[in-house]
Amino acid sequence: MIQGTFLTPNTIDEAVKFFSSSEGSVKLLAGGTDLLVQIRNGFTKPDKIIDIKNIRELQEIIDNGNGSFTVGAAVSGASLAEHNKFGKNWPGVLEALRLIGSEQIQGRASLGGNLCNASPAGDSVPALIASGALAKVHGPNGIRSIPVEKINLGPGKTNLQKGEIVTQFDFPDREPSSSDSYLRMIPRTEMDIAVVGCAVNISMDGDKCIDARIALGAVAPTALLVDQAAKIIIGSKLEDDVLNEAAKACQNACKPIDDKRGTITYRKKVSGVLFKRAIQIAKERALKV
Amino acid sequence: MNEMSNKWIGKNTIRPDGAEKVTGRAEYAADTTMPGMVWGKVLRSPYPHAKIKSINVEKAQSLKGVYSIATSKDCVDFPIDSPVILGIQDMRWMSRNVLAKEKVLFHGHPVAAVAAKTEEIAQKACELIEVDYEVLPWAIEIDDAIKGDAPILHDFIKHNNKSSNIAGTLEHSKGNIEKGFKEADVIIEKNFETAAVHQGYLETHACLVSVAPDDKMVIWSSSQGQFMVRAMTSYITGVPQSNIRAIPAEIGGGFGGKTIVYLEPVAAILSKKSGRPVKMVMTREEVMRASGPTSASKSTVKIGVKNDGKITAAKGIFYLQAGAFPGSPIRGAAGCCLAPYEVPNAHTIGFDVVSNRSKVAAYRAPGAPIGAYAVECVLDELAEAIKMCPLEFRLKNAAKEGTQAVHGPKYPKMGYLETVQAALVHPHYKLPLQKFQGRGVASGFWFNAGGESCAQVNITEDGNVVVTTGHPDIGGSRASIANITAELLGIDVGRVSVLIGDTATIGYSNLTGGSRVLFASAMVVTESTNEVINILKERAAQIWDIDKDAIDWENGEARPAGANAGKFKPLSLAEIADKATPTGGPIGAGHQVNTVGAEGGFATHICDVEVDVELGIARVIRYTAVQDVGKAIHPAYVEGQLQGGVAQGIGWALNEEYIYDNKGHLDNPGFLDYRIPVCSDLPMIDTVLVEVPNPKHPQGVRGVGEVPIVPPLAAIANAIYNALGKRFYSLPMSPPKVLERLEEN
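Residues numbered from 1 in each chain as written. Chains lettered and ligands numbered in written order. Predicted model: local features only at pLDDT ≥ 70, side-chain atom pairs only at ≥ 80, totals over all residues. Heavy atoms only, no water.

### So, the packing of aromatic side chains
All names here are of chain B.
Piece 1. Under the defined criterion, the tally for this structure stands at 21 aromatic pairs over all chains.
Piece 2. Measuring from ring centre to ring centre gives 5.9 Å for Tyr658 and Tyr674, while their planes differ by 80°; the resulting arrangement is edge-to-face. Linking Tyr658 in the loop between α17 (635-654) and β32 (685-690) with Tyr674 in the loop between α17 and β32, this pair joins segments that are 16 residues apart in sequence. One exposure class covers both Tyr658 and Tyr674, and it is buried.
Piece 3. In this structure, Arg741 packs its charged tip against the face of Phe728, placed 5.6 Å from the ring centre. (Phe/Tyr/Trp six-rings, centres within 6.5 Å; stacked < 30°, edge-to-face > 60°. Helix = DSSP H or I, 4+ residues; strand = E, 2+ residues; numbered from the N terminus. Buried < 20%, exposed > 50% of the residue type's maximum accessible area, 1.4 Å probe, protein only. Lys NZ or Arg CZ within 6 Å of the ring centre and 35° of its normal.)

Here it is as structure tokens:
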């Protein structure tokens, strides 16, 4: 249980004002699916909680056309899944978000919360990175747009300044024949935390890959954008030897640790396997678009 | 009892606890509250091993809102060198496990407890208690605990005349193993390891204890035995049993883990000292760190066979972790492992090893899965070596009526052979397998148990029936008892209510464990119901003014036995109950017996797995559990027991393990990283109920709840071998381990 102040601002300005003027330990609550657990386990004892999920912009899903969307940072997995177009354009982002927790958790869990919780294993983060989404950040000094891969610095640490709030994600236009996918390795079939996660976002021209973004989760202090692997496959026809080489690039990009969830060797090996599987799925989806 | 004419026995009647549970009305221990109630919290050891030099509670005591503080000084003193045995427990250990005395012996070991106005204040007060520790070296794993220079947990424990962490041994011998191995054509010897696994009951330990100024105590708690709770609390607090009323709550899973106390005596001390009712509820982390998992193990098994498949000799050595205090289930490992087989020459031995981990508690067929895992894997290798179907191999060596078991008894009629035969002809055993899929089989045994039970059967004034028994229902005993009572009385099952009495309303009944409850309570309920039928006949005899022997009880009615008895319209149960007062008063009967004749249970399982060879993930895709269940009184519940046992076995085999860090702390004290299977991890678990009635029981009942967790570990290991051509000798067969093995070549 916590004793302190619980604020429920209705506008971004109000939220930024509360957040930037607060002393002591302040936490933002979007869905709360990480925060409440952390409080219960005694990992954090905030004096103040600012609940940002009642702010309109944070709950909006805006279809900008051409496959571009603006998605509020507190939109829940269940809400995003109900949108009739988002999942068709960004199936990888949606499937990653939908893997978080149980059906009950899906009523709350959000892209913004998953990103700002800054767990190396957050499922939606690699998918957001691969999508090329920009995080819109409101703060006391105005608004800025930051590529998602630049937000997290390490476990529990973000690049955000005092008073800054991630409010929305801007997904770029969808090229023709492009799509994305996300896969994770967990020992169970659900209700688990990624030992390795891999997101792929590619554009095809016929059987040729003309653009790609590849991201890995749970293999380093933050989710990684693996440019090296993308460079290897861009321009190729995704032949086996190309994919093997890119898989090696994924393995080399990993800086994992040995822990109770997996060994260094295991995580490296699996990152390559998931990459190869994820790219097949993304390719099939892209060619159907 | 004539099978075919059964109306209720063998029927899936509606669960008597169902409506209450699905509508949230059922009362679990944590649902209980009282006026003036305060909250208890436990201060736990930050070290795996340390001497307690002093405990200063002054600061905590003076915190506003604190009512009382308990330490081991408030407990009855049990000198460490004289045993005080209660069932399979020793109060010397139990009292020190509840509140540490001379030393803390594991990270999370309770050191003191506080009762305060709120949980938060109690928690804060715990942090204000100053404990001066002398930190000692510790040992977590078996190898660390038994090596020459291992830190010794209990100085007075001697093995081979030296202070040791080996607290005891247990052996079974038969024939001459040297001779037996000489006769063998093929001998295989292998080493195995299993990890410590927790029972994983969803409801954490909880209780509310109220001690009145006259020392009368009431305990509401979640346990597998209200009489066990009463006895242990009495021992530790010194309050006589007659002053303690222990009320069993509905229980959210136990699997053996609730056969001992953790909180009740502590709450009792806090309540007595504060004058307030005290409630305590463990967090999941406390459950994982400080309540009993079952043992991790190391074992070596050697078995010899003739080329024709006949086993000539078997040897098994089993080291089991006990945790901080002696008492690992070596009897289950060394006693059950060879029980399904006719083995002419055998020697099994178990070693009870203490180390700086939480004290183990019973877990479904304690120790038996560990023994069966090693034996059944070696048997699989032997069957392959002599090119024999693993089920035919088991059939050839199957124990049967008259076999002298390695663990002692000569078997009466029992159905092991029948389980193997049923597995052999089951369609599952012949289904084709795809690439990276494999099939494994294994058998298993559990002793089952009898023991003390009481029952009271009362006829209500309106002619219905209330049955009271004395053991918490964790596997369907109420539904099964209702079936049996309705059958005997010849009335609709809906007219029978079955209740679990508290320690003041029913006589001493041993705890729910050892798969004993339906076996034992059906016996006393049968006796009681038959006596009630006798009384009903007497009352009808009075009403009709004829001889009692001239009356039959049939279909819920008293009838004249024949034409000579006279012509009377049958008297229903309700009609006799209506005349109870003028014919002699209330109608009811009770029985209390130490039941005997609980014969063992056998099972044979078939398991199919599929391995993702790039990720090392093995998944069980098909499973069939065949078991001799004696007589299934309520088949759906029996099936549920089999499925539940298999589910837990799958978790044990594939993912569950206690992981310790280098400070001697459990590193995965929650369900995120301690991975019990979720629904989607499991296939539909098929069951085959073989019924070879127990000849020593009125309804033929055998215990069914524990046997099904015995075969899965080996069945899965053997299936993975069949899929990959690689054998695994340590559990869990988790993805990193499997992948590492696959990469070896």
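Continuing now.
### Notes on the interface of chain A and chain B
Piece 1. On the chain B side, the residues contacting the 19 residues of chain A number 23 residues.
Piece 2. With both sides pooled, the region where chain A packs onto chain B buries about 2,000 Å², and carbon together with sulfur makes up 54% of that total.
Piece 3. Summed over the shared surface of chain A and chain B, the number is seven salt bridges.
Piece 4. Between Arg261 of chain A and Asp673 of chain B there is a salt bridge, with the nearest N and O atoms lying 2.6 Å from each other.
Piece 5. At the junction of chain A and chain B, the tally comes to 14 residue pairs in polar contact (both at pLDDT 80 or more).
Piece 6. When the residues that make up the side of chain A that touches chain B are grouped by side-chain class, the tally is 10 nonpolar, two polar and seven charged. (Contact = heavy atoms within 4.5 Å. Buried area = accessible area lost by both parts, 1.4 Å probe. Salt bridge = Lys/Arg side-chain N within 4 Å of Asp/Glu carboxyl O. Polar contact = N/O pair within 3.5 Å; in protein donor to acceptor, adjacent residues only side chain to side chain. Nonpolar A, V, L, I, M, F, W, Y, C, P; charged D, E, K, R; others polar.)

### Considerations on helix α1 (residues 12-21) of chain A
Residue and element names in this part refer to chain A.
Piece 1. Within α1, burial applies to Ile12, Ala15, Val16 and Phe19. Viewed end-on, α1 has its buried residues packed into an arc of 95°, placing them on one side of the element. Projecting away from the buried face of α1 at angles above 90 degrees are the exposed residues Asp13, Lys17 and Ser21.
Piece 2. Buried-residue contacts for α1 involve β2 (26-29), β3 (48-51), α3 (56-59), β6 (134-139) and β10 (165-171). (Arc of directions from axis to C-beta.)

### Some points on the domain arrangement of chain B
Residue and element names in this part refer to chain B.
Piece 1. One can read the domain layout of chain B as domain 1 (3-25 + 450-595), domain 2 (32-136 + 203-252 + 258-290) and domain 3 (293-448 + 599-743).
Piece 2. One C-alpha centre belongs to domain 1, the other to domain 3; they are set 38 Å apart.
Piece 3. Listed as interface residues are 24 residues of domain 1 and, on the opposing side, 20 residues of domain 3.
Piece 4. Counting each side, the surface lost to burial between domain 1 and domain 3 is near 1,700 Å², with a carbon and sulfur contribution of 57%.
Piece 5. It is Asn12, Ser515 and Phe519 that lose the most area in domain 1 upon contact with domain 3, and together they represent 29% of the buried surface on that side. (Domains from an automatic or database assignment.)

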